[in-house]
Amino acid sequence: DATESFSSTPFESETPVPAGRQRSKSILDVQDPASRPEVAEAQQDGQIAEVFKSFHDSQSGELLTNKVTRGLEALGLVRVDASAIESTLRVLSRSNPRAKYAVNLNEFAAIVVAVREFSQAYLRQQFELLDCDGSGSVSKQEFMQLMWDIGYTVNRDTVTEIFQEIDNDGSG
């Protein structure tokens with residue numbers, strides 16, 4: 001019975017870990033993700049509890065799994081990769097078979113934490129792809145190349161304006 005983790009997702013397994021550092025454990029690296037301290041913290045978040053209440057079934061007090069995505073969107077977690085939710089539900093259902101169909105507040109908080117971790121890993125990977133020279137920052141040239149690659153025609157002046165707006169310390 002192997003523990004599933006985000007490292008089995010395509011983008012995480014391709015993300016290199018810098019020399020001398022270990023990949024941090026994901027919420028799915030433990031048998032009962034709902035027991036992690038991060039989940040207890042998230043459960044105390046009034047916004048998560050409020051969203052859970054607004055979507056949960058009033059009779060059972062649980063959130064049906066088909067409403068989990070709507071709950072996540074209400075928390076501002078948009079464009080969520082379904083595999084993060086599915087993986088979390090699979091792991092949660094080991095300790096609570098009902099989690100395949102409905103989740104309680106603690107389990108919903110575990111899903112929120114997992115999706116946040118998943119999103120952060122994805123953003124790290126995207127940044128590393130953009131940081132072509134591995135400097136740890138994105139140069140104007142790298143940004144301009146990205147814009148051209150995705151079909152936007154930008155000139156140096158436009159890129160300079162963008163960098164002046166978002167790069168407060170001038171580090172790239």
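Higher on the page you've got the structure.
The residue numbers shown here count from 1 along each chain, following its written sequence. Per-residue local features are limited, in this predicted model, to residues with pLDDT of at least 70; the limit for side-chain atom pairs, both in listing and counting, is 80 or more; totals at the level of whole chains, interfaces and linings are taken over all residues. As a convention, hydrogens and water are excluded, and side-chain values are obtained from all of the structure's heavy atoms.

So, about the packing of helix H7 (residues 140-149) against helix H8 (residues 156-166). Where helices are involved, their axes are fitted lines through C-alpha atoms of the stretch in contact, as for all axes, and angles between N-to-C directions lie from 0 to 180°. Every helix listed is a DSSP run of H or I at least four residues long, and every strand listed is a run of E at least two residues long, numbered separately from the N terminus. Put simply, H7 and H8 touch, their axes get as near as 10 Å, and they point 115° apart. Note that H7 runs across H8; the crossing there is right-handed. Here Lys140, Gln141, Phe143 and Met144 of H7 come into contact with H8, specifically with Arg156, Val159, Thr160, Ile162 and Phe163. In terms of residue class, the contact of H7 with H8 is built from 5 nonpolar, 2 polar and 2 charged. Two helices cross in a left-handed way if the nearer one is turned anticlockwise from the farther one by less than a right angle. They cross in a right-handed way if the turn is clockwise. It only takes one pair of heavy atoms within 4.5 Å for two residues to be counted as in contact. Side-chain classes follow a simple rule in which Ala, Val, Leu, Ile, Met, Phe, Trp, Tyr, Cys and Pro form the nonpolar group, Asp, Glu, Lys and Arg form the charged group, and the remainder, Gly included, forms the polar group.

For the rest of this paragraph, the subject is the nonpolar core. Grouped together as the largest cluster of nonpolar side chains are 25 residues, with contacts concentrated most on Val68, Leu72, Val103, Phe108 and Ile111. Secondary-structure elements contributing two or more residues to this core are helix H2 (37-44), helix H3 (46-55), helix H4 (68-74), helix H5 (82-95) and helix H6 (105-130). When residues of this core are assigned to their parent elements, the largest contribution, 8 residues, is made by H6. Only buried residues count toward a nonpolar core. Its members are Ala, Val, Leu, Ile, Met, Phe, Trp, Tyr and Cys residues joined through side-chain atoms within 4.5 Å. Classification of residues uses two cut-offs on accessible area relative to the type maximum, computed with a 1.4 Å probe and protein chains only: under 20% is buried, over 50% is exposed, and between them is partly exposed. Counting 8 residues, the second-largest nonpolar core is a separate cluster that includes Leu130, Met147, Val154 and Val159.

A separate point is the environment of Phe108. Note on placement: Phe108 falls in helix H6. Relative accessible area serves as the criterion here: at 0%, Phe108 is assigned to the buried category. Measuring from C-alpha to C-alpha, the distance between Phe108 and Glu62 comes to 9.2 Å, with 46 residues separating the pair along the chain.

As a further point, take the packing of aromatic side chains. Aromatic pairing here means that ring centres of Phe, Tyr or Trp (its six-membered ring) are within 6.5 Å. Orientation follows from the plane angle: under 30 degrees is stacked, over 60 is edge-to-face, and everything else is tilted. Counted under the stated rule, the structure contains 2 aromatic pairs. Where Phe52 meets Phe108, the ring centres are 6.0 Å apart and the plane angle is 45°; that geometry is what we call tilted. Of the two residues, Phe52 is situated in helix H3 and Phe108 in helix H6; the sequence distance between them amounts to 56 residues. Exposure class is identical for Phe52 and Phe108. Each is buried.

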